[in-house]
Amino acid sequence: MTWPDRDPVALADTQLALDELRSRAADLTTRLSTDRVTESSPDGSVTVTLSLTGALIDLTLNHRACALGPTRLTATILQTTAAAQVRATHQVAAAVSPFAPEALHLITHHHPPHRPPPNPPNPPNPTSPSPFLLPS
């Protein structure tokens, strides 16, 4: 049996494999630090952009967002952000899977595929009395 440190061809092959792995790891590091995920609510009133770590990069509210009212707008922002987080998780899993194939299964098992967020609840009726006002 020949050991790689004594066989110049085997040593060169090992060095090439290590260089390729190092290059792929550098590409992965760049991708994980620069890729973004953008998701919009079904009505288009809210758009969020996240890094692949889940950090909020941008939040855009269009003219329809103001008409939603605070309760529906909050729900829409949270649901849209959650959908973007699921997509980011799946992108990370896909990027990491060549290095650790079991990571893809583990992550996608705990984070099901992206589904559009459900419509947020209807806002409270503005003509009903506020629950925060005391009777006079």
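Scroll up for the structure.
The shown structure was predicted, so the numbers you read here are calculated from the model rather than taken from an experiment. (Residues numbered from 1 in each chain as written. Predicted model: local features only at pLDDT ≥ 70, side-chain atom pairs only at ≥ 80, totals over all residues. Heavy atoms only, no water.)

Student: Explain the overall build of the protein chain residue by residue, including any values.
Tutor: Scanning the protein chain from terminus to terminus reveals three helices and three strands. Secondary structure elements of the protein chain, listed N to C terminal, follow the sequence α-β-β-β-α-α. In the protein chain, which comprises 136 residues, the proportion classed as buried is 25%. The contacts in the protein chain between residues at least 6 apart in sequence include a share of 50% that link residues at least 24 apart. (Helix = DSSP H or I, 4+ residues; strand = E, 2+ residues; numbered from the N terminus. Buried < 20%, exposed > 50% of the residue type's maximum accessible area, 1.4 Å probe, protein only. Contact = heavy atoms within 4.5 Å.)

Student: Break down the nonpolar core for me, with residues and values.
Tutor: Counting residues in hydrophobic clusters, the biggest one holds twelve residues: V37, V46, V48, L50, L52, A65, L68, L73, I77, A84, A88 and V92. Secondary-structure elements contributing two or more residues to this core are β2 (46-51) and α2 (63-96). Considering each element in turn, this core owes the most residues, seven residues, to α2. Not counting residues within four places of it along the chain, the set of residues in contact with A84 comprises V37, E39, V48 and L50. (Core = buried A, V, L, I, M, F, W, Y, C linked by side-chain atoms within 4.5 Å.)

Student: Help me get a handle on the sheet that holds β2, residues and values and all.
Tutor: Sheet strands pair via backbone hydrogen bonds, and the direction of the pair is either parallel or antiparallel. In spatial order, the strands read β1-β2-β3; together these three strands make up an open sheet with antiparallel pairing. Lying at the two open borders of the sheet, with one neighbouring strand each, are β1 (36-40) and β3 (56-61). Strand-to-strand, the axes of this sheet are offset by a mean angle of 10°, without reference to chain direction. (Pairing = 2+ DSSP bridges. Axes fitted to C-alpha atoms, helices over the stretch in contact; angles between N-to-C directions.)

Student: Before we move on, could you go through the pattern of salt bridges and cite the residues and values that matter?
Tutor: Considering all chains together, one arrives at three salt bridges under this definition. With a shortest N-O distance of 3.0 Å, R22 and D19 are connected by a salt bridge. In this pair, R22 and D19 are both assigned in helix α1 (residues 8-34), three residues apart and thus about one turn of the helix distant. Taking the shortest distance from any N to any O, the salt bridge between R31 and D35 comes out at 3.0 Å. Residue class for D35 comes out partly exposed when judged on its relative accessible area of 25%. (Salt bridge = Lys/Arg side-chain N within 4 Å of Asp/Glu carboxyl O.)

Student: An account of the pairing of β2 is needed here, citing residue identities and associated values.
Tutor: Regular strands place their side chains on alternate faces of the sheet. Most of β2 is tucked away, with six of its six residues classed as buried. On β2, burial covers both faces: V46, V48 and L50 on one face and T47, T49 and S51 on the other are all buried. Pairing of β1 with β2, which is carried by five bridges, proceeds in the antiparallel orientation. Looking across to β2, one finds that S40 is bridged to T47. Taken together, β1 and the strand that follows it, β2, pair antiparallel across an intervening segment of five residues, in which G44 is found at a positive phi of about 80°. As judged from the five bridges shared by β2 and β3, these two strands associate in the antiparallel manner.

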